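Reading the structure
These are the residues of each chain, in order.
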Amino acid sequence: MTRTIQNYVDGGWVDASPGASIPVHDPATGQLLAHCPDSTAADVDMAVRAARAAFDEWRSTPVLVRAQFMHHFKVMVEERFEDIAQIVVREHGKTMDEARGEVRRGVESIDFAMSVPVLMRSDGLEDISSGIDETTVRQPAGVFAAITPFNFPFMVPLWFLPTAIACGNPFILKPSPQTPLSAELLFELLDELDLPEGVVNLVHGGVPSAAALMEHPEVTGVSFVGSSPVAKIIYQTCTRNGKRVQAQGGAKNYIAVMPDANIQASVSNILGAAYGCAGQRCLAAAVAVGVGDAYDQLKDELAKQVSELKVGYGLDETTQMGTVISADAKQRIESMIAQSQAEGADIVVDGRGLQVAGYEDGAWVGPTLIAGVRPNTLMATEEVFGPVLSLMKAADFDEAVDIINQSRFGNAASIFTSNGRHAREFKYSVNAGNIGVNIGVAAPSASFPFGGQKDSFFGDLHGQGMDSIEFYTERKIVIERWV
Ligand code: NAD
């Protein structure tokens, strides 16, 4: 019988309340890997109580000791690096190299959290008035939670958990029920780390557990990563309940290619950006805007190279692109391609109906290239979250920027050019949180904040970097006079 995974609460593994569960499949083989419990408000309450009870001891644990835990944690992740990558491949369907990249990025977030003795330091000023000194101290703010998506099941939790706990806050993770096994392995490592009980907690499930975290009076703040409609709900619910919230949403990332760009280098970057992780990245390239002559060159070169990508099982090291997350996702993506065709776009490479020999039950969508996409049509406006790259044409740089800025999303945008003035103008005027110049995936490293603009982000302090230290701490001002 297939096992039902457990929650991790107060330093031990516990069953969630009996009830519904969510099947977890390997999207390439269709194999049922486990059942994920749909935890209830009572399960969440148990985790929040454990976290709250751990707070006083944990916040007074010396900051150097908290940093030391992060050193040990990093070593453990490095030791299990390949096992983690394999779990990510099995439950998500990406390639081994992509999974290794994900784990590496996760480790970088642990590295960042190790620096907490420096990052949490504050400042002060003597003699703000005669004999009076004023200082700022940063204190941990309370119990924090993160609600995370399916697409980077190991990395995204690490954008939050290490920094939150290194700052002295207990933490609760609610991962995606589509990919809960990477989180399970993450907590097996945290269990070996021997943190005080209740400092880290894992509650599996879908909407009921997420809602309970947002309603719980003892939760101080929530970090969210997922689609924009849900990000908006999370932001509104958390603010209504008086909580801190950072809600990173969906995306429609544009790449402008200027006629003066190195086309070969641009195409190779765009291929990785559009089809890496089968397009299931919030930083995936969704639309390439060819400016002037660049359009035809891009279309010809991409058409050739896209159809050569090797799609297959992620554990096969020769695979260049894996599956999408589920049969439902496959159906949604294929119907979006059909809709775009009905709108008059030209399907240059069609990934619909792809079969991979030996994996007949897999959620395969082949890499798809759509040309002649017009503004205000489906492919120009809606997030596909699959291996679909659209091509649009712009007469000049200004028109390309106009097309990009019409999007309601603003997660990332890139330009490929050899002209410094255009690069500068692009950085200056494009409304997106992450800008790439001759870079396909503009992913901020762990010491920089990561978040979009417009419908791609709800809140003010982003994840990662100094923003995360602000988010996870409370600043207190002390004004002293000793007579
Ligand atoms: P999703 O929004 O469906 O789910 C994300 C999380 O929210 C999951 O844990 C899910 O259980 C929970 N959830 C779903 N509906 C909810 C509701 N009504 N109330 C409370 N919680 C709810 O996203 P997904 O399909 O797992 O992930 C893909 C999306 O995530 C894409 O839109 C992608 O662009 C986005 N994403 C954004 C970033 C970023 O940094 N901006 C990073 C990765 C992924």
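Here is a short report on the structure shown in this document. (Residues numbered from 1 in each chain as written. Predicted model: local features only at pLDDT ≥ 70, side-chain atom pairs only at ≥ 80, totals over all residues. Heavy atoms only, no water.)

1. A look at the environment of Gln139
Stated precisely, the cut-off is as follows: Helix and strand assignments follow DSSP, with helices taken as H or I runs no shorter than four residues and strands as E runs no shorter than two, numbered in order from the N terminus. Throughout, a contact is declared for two residues whenever any of their heavy atoms are within 4.5 Å.
Its place among the elements puts Gln139 in strand E6 (residues 132-140). Residues Gln139 and Glu383, spaced 244 residues apart in sequence, show a C-alpha to C-alpha distance of 39 Å. Once residues lying within four places of it in the same chain are set aside, the contact partners of Gln139 are Arg59, Met120, Tyr472, Thr473, Glu474 and Lys476.

2. Things to note about the environment of Ala265
When you line up the elements, Ala265 lands in helix H10 (residues 263-275). Counting along the chain gives 85 residues from Ala265 to Pro180, while the straight-line C-alpha distance between them is 37 Å.

3. Considering the packing of aromatic side chains
Selection criterion: Stacked, tilted and edge-to-face are the three classes assigned to paired rings of Phe, Tyr and Trp, where Trp is represented by its six-membered ring and a pair needs centres within 6.5 Å; plane angles under 30 degrees give stacked, over 60 edge-to-face, the rest tilted.
For the structure on display, the rule yields 12 aromatic pairs. Ring geometry for Phe471 versus Tyr472: centroids 5.3 Å apart, planes at 75 degrees, classification edge-to-face. Ring pairs connect the aromatic residues Tyr8, Trp13 and Phe187, which therefore count as one cluster.

4. A short note on a nonpolar patch on the surface
Operational definition: Within this analysis, patches are made of residues with over 30% relative accessible area and no salt bridge. Like charges are joined at 9 Å or less; nonpolar side chains (Val, Leu, Ile, Met, Phe, Trp, Tyr) at 5 Å or less. In short, Shrake-Rupley with a 1.4 Å probe defines the accessible areas, and a residue's cover is counted only from the protein chains shown. Any carboxyl oxygen of Asp or Glu that lies within 4 Å of a side-chain nitrogen of Lys or Arg is treated as forming a salt bridge with it. The classification of residues rests on relative accessible area computed with a 1.4 Å probe and restricted to protein chains. Under 20% of the type maximum is buried, over 50% is exposed, and intermediate values are partly exposed.
On the surface, Leu125, Ile128, Ile477 and Ile479 cluster together into a nonpolar patch covering about 390 Å² of accessible area. Of all elements in the fold, only strand E5 (124-129) and strand E22 (473-481) reach the threshold of two or more residues within the nonpolar patch. Here Leu125 shows up in strand E5. Since its relative accessible area comes to 55%, Leu125 is described here as exposed.

5. Remarks on the site of the ligand
What counts is decided by this rule: Near is defined per residue: the residue qualifies when any heavy atom it owns lies within 4 Å of the molecule or strand. Counted as a polar contact is a pair of N or O atoms within 3.5 Å, where, for protein atoms, one must be capable of donating a hydrogen and the other of accepting one, and residues adjacent in sequence contribute only when both atoms are in side chains. Cavity: a set of points on a 1 Å grid over the protein atoms alone where a 1.4 Å probe fits but cannot get out. Pocket: an open set with protein on both sides within 12 Å along at least five of seven lines, its lining residues, like those of a cavity, having an atom within 4 Å of a point. Assignment of a molecule to a cavity or pocket requires that more than half of its atoms lie within 2 Å of the corresponding grid points. When residue character is reported, Ala, Val, Leu, Ile, Met, Phe, Trp, Tyr, Cys and Pro are called nonpolar, Asp, Glu, Lys and Arg charged, and the others, Gly included, polar.
Not every one of the 28 residues close to the ligand is listed here, only the nearest: Thr148, Ser227, Gln248, Gly249 and Glu383. Between the ligand and the protein, one listed contact pairs an oxygen atom with a side-chain N or O atom of Glu383 at 2.6 Å. Compared with its free state, where it exposes 850 Å², the ligand has 87% of that area covered by protein. Because more than half of its atoms lie within 2 Å of the grid, the ligand is assigned to the largest pocket. A class-by-class count of the residues in the shell around the ligand yields 16 nonpolar, 10 polar and two charged.

6. Side note on empty space enclosed by the protein
Going by this rule: Grid points are joined across faces, edges and corners, and a volume is the space filled by probe spheres set on the points.
For the structure shown, the criterion picks out four cavities of 30 Å³ or more. Taken as a whole, the largest cavity spans an internal volume of roughly 100 Å³. Taken together, 14 residues form the lining of the largest cavity, with Gly279, Ala284, Ala286, Val384 and Phe385 sitting closest to its centre. Lining the second largest cavity, in full, are Lys252, Asn253, Tyr254, Ile404, Ser407, Phe409, Gly410, Asn411, Ala412, Ala413, Asn431 and Ala432.

7. Focus: the nonpolar core
Which entries qualify depends on this criterion: By convention a nonpolar core is built from buried Ala, Val, Leu, Ile, Met, Phe, Trp, Tyr and Cys residues, the set being connected through side-chain atoms within 4.5 Å.
Ranked by size, the top nonpolar core spans 68 residues in total, and within it Val257, Leu302 and Phe426 carry the most contacts. Leu302 has contacts with Val267, Ile270, Leu271, Leu369, Leu389 and Leu391, leaving out every residue within four places of it along the chain. Counting 63 residues, the second largest nonpolar core, distinct from the first, contains Tyr8, Val116, Phe154 and Tyr472.

8. Details of the packing of helix H6 (residues 155-166) against helix H16 (residues 465-472)
We count it as follows: All axes here are fitted lines through C-alpha atoms, helices being fitted over the stretch that makes contact, and every angle between N-to-C directions spans 0 to 180 degrees. Orientation labels follow simple angle bins: below 35 degrees gives roughly parallel, above 145 gives roughly antiparallel, 65 to 115 gives roughly perpendicular, and whatever is left gives oblique. Each crossing is labelled by how the near helix is turned from the far one, with a counterclockwise turn of less than a right angle marking it left-handed and a clockwise turn marking it right-handed.
Their axes nearest at 10 Å, the elements H6 and H16 cross at an angle of 55 degrees. With respect to each other, H6 and H16 are oriented oblique. Here H6 runs over H16; the crossing is right-handed. Contact residues: Phe160, Thr163 and Ala164 in H6; Ser468, Ile469 and Tyr472 in H16.

9. Concerning the pattern of salt bridges
Tallying each qualifying case throughout the model produces 21 salt bridges. Between Asp83 and Arg80 there is a salt bridge; the shortest N-O distance is 2.7 Å. On the basis of relative accessible area, Asp83 is assigned to the partly exposed category, the value being 35%. For Arg80, a relative accessible area of 28% corresponds to the partly exposed category. One salt bridge connects Arg408 with Asp455, and the closest N-O pair in it is separated by 3.5 Å. Remark: Asp455 occurs in the loop between strand E20 (453-454) and strand E21 (457-459) and Arg408 occurs in the loop between helix H14 (397-405) and strand E17 (409-410); sequence separation between them is 47 residues. Residue classification places Asp455 among the partly exposed residues on the basis of a relative accessible area of 26%. One continuous salt-bridge network, built from bridges that share partners, spans Glu82, Asp97, Arg100 and Glu317.

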